[in-house]
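Here are the chains, one letter per residue:
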Amino acid sequence: MEGRARNEQVNYHHPLLRYKIWDLEFPTMPLTPWNTWHYHKEVEILLLLEGSMLVETVDQVYELKGPDLLLLGSSRLHRTKRNSHVKQIVLQFDMLAQMDSYTKEFAPVLLEISEPLDRLNKILSGNTAVKETMFQLLLSIYKEASEMGAGYELVISGAFKQLLALIVRHMVSSAPMSPPDWQRLKPVLEYVEAHYPEPIRIQDVLPLVHLEYHYFIKYFQQHIGMTFVDYLHVRRIKASERLLLTRSLSLADIGVQSGFPNVTQFIRIFKRYNGCTPSEFRKKRLPVH
């Protein structure tokens, strides 16, 4: 099981814009197998120009038929399988590098604090105009990156801003977080990221925000869209999903390394969020030998 999913390192085409974009073409091949599970911290957008393919994440299988487009959030485990001759363009980019000071208010959406960016795929499936706009933005980024004409960085940077605007406009279901609110909660989110494998109580983060216990509970849920405990569970479940597919460890060890004190709690919470047990999750997504 070790090494079945790999952490893909992205070599950026531009050190400041922090993106990579390239084209791929595969000949017709009968019944190609699934490729290896992999993930990367960069957001990925796949443009299928011709052909058909399947893209599987930990909770869904997408069937793409060109021309088509699919968005995968940061660190999203995924794998692909080609069903025919395929021609595609792949864009990977560091979301944080595209965010200026005036986009920080949308950090909960763009940095996937409350939900994965993958939700946008369902929205795009019912809005062909927005999907086509996004498709054309990606083609323009590919063209500019390939030709590297004078000022191409400005064009690509502008295209990324339009892309972020489309994501925000079609994923924000409530009022955006204001810059002061973001600055107040950012230390809490960073603390969870650094310490989620350890026991964390609400009292541990209160000094970071200088808020009273009950006010913090309401404040966090209002701006993040879920309770602090639920957010902590989601972060730990994401870590456990990766361990299940990359490490030959027992469920008890994976639970502990993900921040769950005992295997019973780990299995219960994992099933609540994924609709299956960790063992079922692992068995379904790893090939049988």
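Above this note sits the structure.
Remember, predicted model here, so these are calculated numbers, not experimental data.

Student: Any chance you could explain the packing of aromatic side chains here in plain terms?
Tutor: Centre distance and the angle of the planes are the two values used to describe a pair of aromatic rings. One pass over the structure, following the stated rule, counts 10 aromatic pairs. The structure contains a cluster of three or more aromatic residues connected by ring pairs, namely Phe216, Phe220, Phe228 and Tyr231. Taking the ring centre of Phe26 as reference, the NZ or CZ of Arg82 above it sits at 3.8 Å. The cationic tip of Arg184 hangs over the ring face of Tyr219; the distance from NZ or CZ to the ring centre is 5.9 Å.

Student: Please explain the pairing of strand β7 (residues 68–72) as it appears in this structure.
Tutor: Put simply, side chains in a regular strand alternate between the two faces of the sheet. Most of β7 is tucked away: five of the five residues are buried. Neither face of β7 is open: one carries Asp68, Leu70 and Leu72, the other Leu69 and Leu71, and all of them are buried. Both strand β4 (residues 43–50) and β7 contribute to a ladder of five bridges, which runs antiparallel. Directly across from Glu44, in β7, lies its bridge partner Leu72.

Student: How do you make sense of the nonpolar core when you look at a structure like this?
Tutor: The nonpolar side chains of a soluble globular protein tend to be buried, and buried together. Counting residues in each nonpolar core, the largest one holds 58 residues, and the members touching the most others are Tyr19, Phe93, Met95, Ile167, Phe216, Phe220 and Phe228. If we ignore the near neighbours within four places in the chain, the residues touching Phe93 are Arg18, Tyr19, Glu42, Val43, Ile45, Gln98, Phe160 and Leu163. Core analysis: the next-biggest nonpolar cluster, separate from the first, contains 18 residues, Ala5, Trp37, Ile269 and Phe281 among them.

Student: Looking at this model, I keep getting lost on the pattern of salt bridges. Mind explaining?
Tutor: When the charged atoms of two side chains lie near each other, side chains of opposite charge can form a pair. Here the structure, examined in full by the defined rule, presents 10 salt bridges. Here Arg18 and Asp94 are joined by a salt bridge, their closest N and O atoms 2.9 Å apart. Here Arg18, found in the loop between β1 (5–7) and β2 (19–26), pairs with Asp94, found in the loop between β9 (86–93) and α1 (107–110); they are 76 residues apart in sequence, far enough to count as distant. Among the residues examined, Arg18 registers a relative accessible area of 26% and is labelled partly exposed. Here Arg76 makes a salt bridge to Asp118, at a shortest N to O gap of 2.8 Å. Remark: Asp118 occurs in the loop between α1 and α2 (119–125) and Arg76 occurs in the loop between β7 and β8 (78–82); sequence separation between them is 42 residues. On the basis of relative accessible area, Arg76 is assigned to the buried category, the value being 14%. Owing to a relative accessible area of 5%, Asp118 belongs among the buried residues under this scheme. Salt bridges sharing common partners tie together Arg18, Lys41, Glu42 and Asp94.

Analysis parameters
Residues numbered from 1 in each chain as written. Predicted model: local features only at pLDDT ≥ 70, side-chain atom pairs only at ≥ 80, totals over all residues. Heavy atoms only, no water. Phe/Tyr/Trp six-rings, centres within 6.5 Å; stacked < 30°, edge-to-face > 60°. Lys NZ or Arg CZ within 6 Å of the ring centre and 35° of its normal. Buried < 20%, exposed > 50% of the residue type's maximum accessible area, 1.4 Å probe, protein only. Helix = DSSP H or I, 4+ residues; strand = E, 2+ residues; numbered from the N terminus. Pairing = 2+ DSSP bridges. Core = buried A, V, L, I, M, F, W, Y, C linked by side-chain atoms within 4.5 Å. Contact = heavy atoms within 4.5 Å. Salt bridge = Lys/Arg side-chain N within 4 Å of Asp/Glu carboxyl O.

Function cannot be read off these values alone, since they describe shape.
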